[in-house]
Amino acid sequence: MRTKLTMYETIKGIDDDDHQWREKKDIESALQISRSSFPPDKERLVSLDVFRGLTVALMILVDDAGGILPAINHSPWDGLTLADFVMPFFLFIVGVSLAFAYKNLSCRLAATRKASMRSLKLLLLGLFLQGGFIHGLNNLTYGIDVDKIRFMGILQRIAIAYLVAALCEMWLKGSHNVSSELSMIRKYRFHWMVAFVFTTIYLSLLYGLYVPDWEYQISSEDQGSSTFLNLKVKCGVRGHTGPGCNAVGMIDRMFLGIQHLYRKPVYARTKQCSVNSPNNWPLPPDAPSWCQAPFDPEGLLSSLMATVTCLVGLHYGHIIIHFKDHKQRLNQWILRSFCLLMFGLALDLFGMHLNKPLYTLSYMCVTSGASGFLLSAIYLMVDVYGYKRASLVLEWMGVHALPIFVLIACNLVFLIIHGFYWKKPINNLLHLIGIGK
């Protein structure tokens, strides 16, 4: 199961300004200054933490129960399931938080250096956690041949989206005040231009590039033998969005190298590749040659549209910054979410299918719209009506997203527990309670 992710520093805005802002509000509360005397944008929005915590909880749910309940596991290719909302939710809330993190800047150059370093650290952490260094829940060995390390991953994608959105927020916003929706659009018009350019590049390459035939090799690891088998995938098409002959995979093979891609692609669970679809294996006798080919769902081209999701979230954050009234915020969020959702469904209806591995435009729009609706609902319940006690657990999970991700989502806690056994590695607590069998 592939949905593993995310980071406290990134999802929290990844900037010290954000922490200083929150600490200031805590001091005000300690001094018993009434929150009612401040407009909504001066308050700590608990809904952001709850949204983040709910996404972490959803990630854990689909990771642990996805294999048992295929309906919530990732869609094998086209389509949308519960698990397919996790990544966009994380990217969306990263964007929302960035609006606070870079609200007031004393030095854009210093902020740029900090953002670049934090993005680099996140990339390196992603390489360590998701590059193959850790060999799995049932394996007490570790280490990776750098010739086969996986370059891209969930954390790497978040790092890229965060850095682009942060640079846009620091360097590409206007200096005039916002007094209306139109003036807000003018202030951040260059953000929308970046989103438009990214979308245009993505669509042009996805539907315009010619994908030739290509080959890959199955090693002895995959076949359980000492032989190597070369498989050829026949393509010779343009604009194809199937698993074997799409431009997303071709670009990754070309620039990253096929040996550096994810070796357990989600399309291995399609009916074409699995007798037990939507579960894995065994291969049917007439399985296509691409069924065992590596494919990275967090690849280079698809990360362009993932970055657009982060920019959409940044726009929702701008609405919090510039509009004081709860009703104004909710009306704008709901309107934009409805438009995104309807546009995405229309694209799917006319042939641009909802597809997470390719991160299609329709998928970006539908998941961004769903993110907006979810944020609106949580904001209404928690920050408007004040139902905060019911969401304390989710708020805590949102505040501690980084430790939860590293220790639980990346299985480090389970690996540590597995490391203590009686006489044989199989005699460990995890095996006793049925985890990792």
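Up top you'll find the structure we're talking about.
Residues numbered from 1 in each chain as written. Predicted model: local features only at pLDDT ≥ 70, side-chain atom pairs only at ≥ 80, totals over all residues. Heavy atoms only, no water.

Remarks on the state of the cysteines
Condition: Note that a disulfide, as used here, is simply two cysteine sulfur atoms within 2.5 Å. For helices the rule is a DSSP run of H or I covering at least 4 residues; for strands it is a run of E covering at least 2, with both sets numbered from the N terminus onward. Accessibility here uses a 1.4 Å probe with only protein chains present; expressed as a share of the type maximum, an area under 20% marks a residue as buried, one over 50% as exposed, and anything in between as partly exposed.
Scanning the entire structure with this criterion turns up 2 disulfides. Between Cys273 and Cys291 runs a disulfide, and the two sulfur atoms are separated by 1.9 Å. On the sign convention where negative means left-handed, the S-S torsion of about -80° between Cys273 and Cys291 marks this disulfide as left-handed. One end of the pair, Cys273, is in the loop between helix 10 (247–255) and helix 11 (300–322); the other, Cys291, is in the loop between helix 10 and helix 11, with 18 residues separating them in the sequence. Residue Cys273 is classed as buried on the basis of its relative accessible area of 2%. The cystine pairing of the protein chain, numbering bonded cysteines in sequence order, is 1-2, 3-4. The structure places no disulfide on Cys168, whose sulfur is separated from the nearest cysteine sulfur, that of Cys310, by 9.4 Å. By relative accessible area, which is 4% here, Cys168 ends up buried.

Brief notes about the packing of helix 8 (residues 189–208) against helix 11
Each pair of packed helices can be summarised by the angle the axes make with each other and by the distance between the axes. Worth spelling out the cut-off: Between the N-to-C directions of two axes lies an angle of 0 to 180 degrees, each axis being a line fitted to C-alpha atoms and, for a helix, fitted only over the stretch in contact. In these notes the angle categories are as follows: under 35 degrees is roughly parallel, over 145 is roughly antiparallel, 65 to 115 is roughly perpendicular, and the rest is oblique. Note on convention: the crossing is left-handed when the near helix lies turned anticlockwise from the far helix by less than a right angle, right-handed when the turn is clockwise. Note on contacts: a residue pair is in contact if any heavy atoms of the two residues lie within 4.5 Å.
Two elements in contact, helix 8 and helix 11, have axes separated by 9 Å at closest approach and are oriented at 155°. Taken together, helix 8 and helix 11 sit at an angle that is classed as roughly antiparallel. Between helix 8 and helix 11 the crossing geometry is left-handed. Contacts from His191, Trp192, Val194, Ala195, Phe198, Thr199, Ile201, Tyr202, Leu205 and Leu206 of helix 8 reach helix 11 at Leu301, Ser302, Leu304, Met305, Thr307, Val308, Leu311, Leu314, His315 and His318.

Considering the pattern of salt bridges
The test is simple: Any carboxyl oxygen of Asp or Glu that lies within 4 Å of a side-chain nitrogen of Lys or Arg is treated as forming a salt bridge with it.
Within this structure, the stated rule accounts for 6 salt bridges. Note that Glu181 and Arg336 form a salt bridge whose closest N and O atoms lie 3.7 Å from each other. Note that Glu181 is positioned in helix 7 (residues 181–187) and Arg336 in helix 12 (residues 326–349), a separation of 155 residues in sequence. The shortest N-O distance in the salt bridge between Glu298 and Lys356 comes to 3.5 Å.

With respect to unusual backbone geometry
The general pattern is negative phi for most residues beyond glycine and trans for most peptide bonds. Note the cis peptide between Ser277 and Pro278, where omega equals 10°. Tracing the sequence through the fold places Pro278 in the loop between helix 10 and helix 11. Residue Trp281 is joined to Pro282 through a cis peptide bond whose omega torsion reads -10°. Mapped onto the elements of the fold, Pro282 is located in the loop between helix 10 and helix 11. One non-glycine residue, Trp281, adopts positive backbone phi at about 55°. Counting through the fold element by element, Trp281 comes out in the loop between helix 10 and helix 11. Not every positive phi belongs to a glycine, and Tyr359 is a case in point at roughly 50°. Its relative accessible area of 0% is what places Tyr359 among the buried residues.

Looking at helix 13 (residues 361–384)
In plain terms, the rule: Given the number of residues in a helix, its expected span is that number minus one, multiplied by 1.5 Å.
Given a rise of 1.5 Å per residue, 24 residues ought to cover 34 Å, and the 33 Å separating the end C-alpha atoms of helix 13 matches this to within 8%. Of the residues trailing helix 13, Gly386 is marked for its positive phi of about 80°.

So, to be careful, I would describe these as geometric facts and stop short of saying anything about function.
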